[in-house]
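What follows is each chain in one-letter form.
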Amino acid sequence: MATEFKLAPSILSADFSNLGYALQLCDDGGAHWIHIDVMDNQFVPNLTIGPPVVKSLRSKTNKFMDVHMMVIEPEKLVNPFARAGADLITFHIEATDDPQSVIDLIKSTGIQVGISLKPSTPLSDIEPYYDQVDLILVMSVEPGFGGQGYMEGSTARRREIKDKLNEQCLQDRVLIEVDGGIKLHNAKEVIDAGADVLVAGSAIFGSENPAKTIQDFYNL
Ligand code: DX5
Ligand code: ZN
């Protein structure tokens with residue numbers, strides 16, 4: 001098992017009336033990152049967080065803010081989220097006809113760039129960009145909602161990405177993040193199959209003691 005991985009609690013499953021407390025729980029548990037799910041009710045059938053909320057979160061935490069944009073026309077939101085304090089912005093390959101310009105735009109703001117794809121999108125769609133991104137986010141559920149079950153097929157996809165990164169000597173430069181259905185009972189298997197960053201929402205914020213659950217992830 002990989003000895004080091006980062007846990008990114010997804011605040012999508014936290015109490016939106018008390019996000020400051022959610023940050024506190026992440027601190028108490030010792031989480032590395034905060035995963036922020038941005039949905040526009042067009043790319044996915046749900047509507048969540050915009051730049052003003054990220055700005056408020058930034059004023060309350062120094063943690064690495066991992067913004068997962070599930071939106072069409074991602075280029076329109078890159079600057080607002082970067083200015084709000086995102087450390088990394090991930091966009092979806094399905095959401096744009098011009099992935100290269102989105103990558104260039106995110107880089108131009110000085111923050112890190114991630115690329116993601118839905119479970120049914122061929123890996124060949126993102127392969128041309130492996131050497132240009134900091135992170136590849138592999139969805140293990142259909143994007144849109146927390147609390148879904150882990151899609152087993154995503155394990156083989158991560159292995160394939162890992163192999164390609166190794167072939168291109170990018171394995172130490174590009175992180176693989178997995179998002180959706182990660183629980184305490186399957187986290188070890190997910191890490192073993194090649195994941196550097198685990199996103200977990202309902203497993204953490206749906207538990208009785210979120211700070212302890214974060215620690216339990218690290219103690220696996
Ligand atoms: C789904 C989001 C996920 C979600 C994960 O579209 O991208 O980040 O919060 O939630 P869980 O961990 O409950 O599957
Ligand atoms: Zn996400």
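In short, a report on the structure. Predicted model, so just to flag it, every value in this text is computed and none were measured. (Residues numbered from 1 in each chain as written. Chains lettered and ligands numbered in written order. Predicted model: local features only at pLDDT ≥ 70, side-chain atom pairs only at ≥ 80, totals over all residues. Heavy atoms only, no water.)

**Points about the pattern of salt bridges**
The criterion, for reference: Here, a salt bridge means any side-chain nitrogen of Lys or Arg that lies within 4 Å of a carboxyl oxygen of Asp or Glu. We count a stretch as a helix when DSSP gives it H or I for four or more residues in a row; a strand needs E for two or more, and each element gets its number in order from the N terminus. The rule is simple: take the accessible area with a 1.4 Å probe, protein chains only, and divide by the maximum for that residue type; under 20% is buried, over 50% is exposed, in between is partly exposed.
The tally for this structure, following the rule as stated, stands at seven salt bridges. One salt bridge in this structure joins Asp87 and Arg58, with 3.0 Å as the shortest N-O distance. You can see Asp87 sitting in the loop between α3 (75–84) and β4 (88–92) and its partner Arg58 sitting in helix α2 (residues 51–58), a full 29 residues away along the chain. On the accessibility criterion, Arg58 (22% relative accessible area) is partly exposed. Across the salt bridge formed by Asp192 and Lys188, the nearest N and O atoms sit 2.9 Å from each other. Pair noted here: Asp192 and Lys188 are both in helix α6 (residues 184–192), with a separation of four residues, about one helical turn. Judged by relative accessible area, Lys188 falls into the partly exposed class, the value being 39%.

**As for the packing of α3 against helix α4 (residues 99–108)**
Quick note on the threshold: Axis definition: a line fitted to C-alpha atoms, limited for helices to the stretch in contact. Angles are taken between N-to-C directions and run from 0 to 180 degrees. Between 65 and 115 degrees an angle is taken as roughly perpendicular, under 35 as roughly parallel, over 145 as roughly antiparallel, and anywhere else as oblique. The sense of a crossing depends on the near helix, which, turned anticlockwise from the far helix by less than a right angle, makes the crossing left-handed and, turned clockwise, makes it right-handed. Contacts were defined at the residue level, with two residues in contact if any of their heavy atoms lie within 4.5 Å. Only Asp, Glu, Lys and Arg are considered charged, only Ala, Val, Leu, Ile, Met, Phe, Trp, Tyr, Cys and Pro nonpolar, and every remaining residue, Gly among them, polar.
Two elements in contact, α3 and α4, have axes separated by 10 Å at closest approach and are oriented at 15 degrees. On the basis of their axis angle, the class for α3 and α4 is roughly parallel. Here α3 and α4 pass one another in a crossing that is right-handed. Every residue of α4 that contacts α3 at Glu75, Val78 and Asn79 is listed here: Val102, Leu105 and Ile106. Taken together, the residues of the contact of α3 with α4 sort by class into four nonpolar, one polar and one charged.

**Remarks on the sheet that holds strand β2 (residues 33–39)**
To be explicit about the condition: Should DSSP find at least two bridges between two strands, the strands are regarded as paired.
Within the open sheet, the eight strands sit side by side as β1-β8-β7-β6-β5-β4-β3-β2. Their pairing is parallel. Edge strands, defined here as strands with exactly one partner in the open sheet, are β1 (6–9) and β2. Taking the axes of each pair of neighbouring strands and ignoring which way they run, one obtains an average angle of 25 degrees across the sheet. Sheet topology places β1 next to strand β8 (residues 197–200); four bridges connect them, and they run parallel. By the bridge assignment for β8, Ala8 is matched with Val199.

**As for the environment of Thr121**
Which entries qualify depends on this criterion: Think of a polar contact as two N or O atoms within 3.5 Å of one another; within protein, one of them needs to be a possible hydrogen donor and the other a possible acceptor, and neighboring residues in sequence only count if both atoms come from side chains.
Its place among the elements puts Thr121 in the loop between β5 (112–117) and β6 (135–139). Excluding residues that lie within four positions of it along the chain, Thr121 makes contacts with Ile93, Glu94 and Arg157. Looking at Thr121, its side chain comes within polar contact range of the side chain of Glu94, at 2.6 Å.

**Quick word on the site of ligand 1**
As a reminder of what qualifies: We call a residue near a molecule or strand as soon as one heavy atom of that residue lies within 4 Å of the molecule or strand. Using a 1.4 Å probe, the Shrake-Rupley method yields the accessible areas, and only the shown protein chains count as cover for residues.
Around ligand 1, the structure places 20 residues, and the nearest of them are Asp37, Gly144, Asp179, Gly201 and Ser202. Measuring from an oxygen atom of ligand 1, one finds a side-chain N or O atom of Asp37 at 2.8 Å. Protein burial of ligand 1: of its 380 Å² of free accessible surface, 100% is covered by the chains. Every element with two or more residues in the shell around ligand 1 is listed here: β2, β3 (64–70) and β8. Considering every element that reaches the shell around ligand 1, the biggest residue donor is β2, with three residues. When its residues are assigned to classes, the shell around ligand 1 shows eight nonpolar, 10 polar and two charged.

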